Every structure is written in structure tokens, then in C-alpha cells.
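Results of the structural survey
This is what each chain is made of:
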Amino acid sequence: SEASLEKLVSFYNEVQKNKDTATIYLQSGGGDAWAEEAIIDLINTHKIQTTLIGYGTLASAAFSIFFRTKCDRKLIGGCMGMFHQSTISLDINDYGNPDNRESTAKKEFMITHKKPKTIELCQDLNFSIKEMADIKANKDVWFQPARMKEFLITSISQIPEIGYQP
């Protein structure tokens, strides 16, 4: 969410005053696709060396954040995952207020954008044929801890300068 993004920006601003490393613990049932992209960009471009630790459940946006960041990453405990085809939507109505879902205006449109990075991430992590088919069918696909570790090994092998941390 935007609140999480604001907290992360504040955290990085505070950490860089005294250190050049940061550890972020990530556990979430999902979140805002707009904030997801900004969080990934912030972690990937910030000069502080970041370690991202996934625990509990990494679902939807959290799954994407964890596997698309280019930093040291680690899964702890029995971390489960869930991923699905996410969309970014914006309501447009004749009041000019994108958040007015109560509108009875006749000129109301829904713009939906399926994120291309969803399928790209599935391919990068070597999703099985069934997992990929379920994602494309807009299903929620859940992953056991052992499968999450397989994804972690696969994703880290694509970034040679980052080491695997089981």
C-alpha cells in the first residue's frame, strides 16, 4: 500500500544516516499493485545494501516484491506463497474523481491493465505448465515452502552477484 511505501522511504532515509546495510522483513497477504512497482524500484535502486527476509505468507504483491528485487533474499520458517494475474484498475467517471465508486454517472468506464510482468516473473521462476495455466486463467496459485525455496534458488541463479541464503 502507499502507507507501506511511505514507511519504506522513511526507513531508508533513517538507515542511511548511520549504516550502509538494511534488513527488511516481508510478510503480507497482498497489496497495492501501484505501490508494488514503487517498492521494487526503491529496493533495486537504493544505494543501501538490502537483505529481504520473507516469512509467513508472501501473497500477490508481496510475492512479486520478494522475487523481483535484486538484493540478498532469504526465506525463513515455513514461508508459503500465493501468486495470481494482477491487474491495475482505474475508475474514470464524469465527476473527475477516480475514487468515487458510488457514482451513478452514465459515463463510467473501467480501464484495466494486466501487468505484463506477471507472466514474465512466472517464466523467470520456471513455473510448471499447470502453474502457468492457472495463472493465465486468473486463479490464485498457492505454493508450499519447498516450492518457494526452489523459486528462490532459481531467481538468485539469474543474479550472479547475489548469494543463496537458505
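A brief report on the enclosed structure follows.

Reading the values: the criteria
- Residues numbered from 1 in each chain as written.
- Predicted model: local features only at pLDDT ≥ 70, side-chain atom pairs only at ≥ 80, totals over all residues.
- Heavy atoms only, no water.
- Core = buried A, V, L, I, M, F, W, Y, C linked by side-chain atoms within 4.5 Å.
- Buried < 20%, exposed > 50% of the residue type's maximum accessible area, 1.4 Å probe, protein only.
- Helix = DSSP H or I, 4+ residues; strand = E, 2+ residues; numbered from the N terminus.
- Contact = heavy atoms within 4.5 Å.
- Pairing = 2+ DSSP bridges.

Below, the discussion takes up the nonpolar core. With 35 residues, the main nonpolar core has F63, F67, F127 and M148 as its most contacted residues. Tallying contributions element by element places helix α3 (residues 61–68) first for this core, with 5 residues. For F67, the residues in contact, after removing those within four places along its chain, are R73, L121, L125, M148, F151, L152 and S155.

Here we take up the pairing of strand β4 (residues 80–83). Relative to β4, strand β2 (residues 49–59) runs parallel, the two being bridged by 3 bridges. Along β4, the bridge assignment pairs L58 with G81. For β4 and strand β7 (residues 141–143), the ladder comprises 3 bridges, and the chain directions are antiparallel. Looking at the pairing, F83 lines up with V141 of β7.

In short, the description is geometric, and any link to function would need to be established separately.
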